[in-house]
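The primary structure of each chain is shown beneath.
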Amino acid sequence: MSAPATTFADSAGSIGNVDAVTVYESSSDDYAMANGVLSVREKSGTKRDYKWGGSLCPGRNVSADSISMLFDALRSQTQVEIVPSYKVGNGATRCLTGFKLSFDRPEAGG
């Protein structure tokens, strides 16, 4: 018997803005647990963390290009919205598997 395909699908987090991006280098004491953390301020005001790598999210790595995009989103957080994708890792950690960035453009004439 096999599990339904939806069991293995990524979950979508709530839409919000990039609040912080933390990257741990291999010399950090935190690196063994997670290689980095994306903090998202959801529209509800809740701050939610998505981690990658390390023992909390083994095999869930984020590329250097994606990290660069996250820092770009952080720089212009009032204009960029993010919807993170994740899988649940060890300790019910949300492990970042991708994200969608969209630009919050003002209405014409507003």
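Residues numbered from 1 in each chain as written. Predicted model: local features only at pLDDT ≥ 70, side-chain atom pairs only at ≥ 80, totals over all residues. Heavy atoms only, no water.

Caption draft 1: The pattern of salt bridges, seen in detail. One pass over the full model with this rule turns up five salt bridges. Measuring nitrogen to oxygen at the nearest pair gives 3.3 Å for the salt bridge that ties Arg41 to Asp19. Separated by 22 residues along the polypeptide, Arg41 in strand S3 (residues 36-42) and Asp19 in strand S2 (residues 16-23) bring together distant segments of the chain. A residue is classified by how much of its surface remains accessible, and Asp19, at 27% relative accessible area, is partly exposed. (Salt bridge = Lys/Arg side-chain N within 4 Å of Asp/Glu carboxyl O. Helix = DSSP H or I, 4+ residues; strand = E, 2+ residues; numbered from the N terminus. Buried < 20%, exposed > 50% of the residue type's maximum accessible area, 1.4 Å probe, protein only.)

Caption draft 2: The packing of aromatic side chains, seen in detail. What the rule picks out here adds up to one aromatic pair. Relative to Tyr86, the ring of Tyr50 lies with its centre 5.7 Å away and its plane at 55°, an arrangement referred to as tilted. A residue pair is termed long-range when its members are at least 10 positions apart, and Tyr50 in strand S4 (residues 47-52) and Tyr86 in strand S5 (residues 80-88) qualify at 36 residues. Across this residue pair, the class does not change: Tyr50 and Tyr86 are buried. (Phe/Tyr/Trp six-rings, centres within 6.5 Å; stacked < 30°, edge-to-face > 60°.)

Caption draft 3: Structural view of the confidence of the model for the protein chain. Of the residues in the protein chain, 85% reach a pLDDT of 70 or more, and the chain-wide mean stands at 87. Ranking the elements of the protein chain by mean pLDDT puts helix H1 (residues 64-75) last, at 87, and S4 first, at 98. Note on residues 1-6: pLDDT is under 50 here. Beyond four places in sequence and across chains, it has one contact. (pLDDT = per-residue confidence, 0-100. Contact = heavy atoms within 4.5 Å.)

Caption draft 4: Representation of the nonpolar core. Core analysis: the biggest nonpolar cluster contains 14 residues, and Leu38, Trp52 and Leu96 have the highest contact counts within it. When residues of this core are traced back to their parent elements, those giving at least two are S2, S3, S4, H1 and S5. If we ignore the near neighbours within four places in the chain, the residues touching Leu96 are Leu38, Tyr50, Lys51, Trp52, Arg60, Val62, Leu70, Pro84, Ser85 and Tyr86. (Core = buried A, V, L, I, M, F, W, Y, C linked by side-chain atoms within 4.5 Å.)

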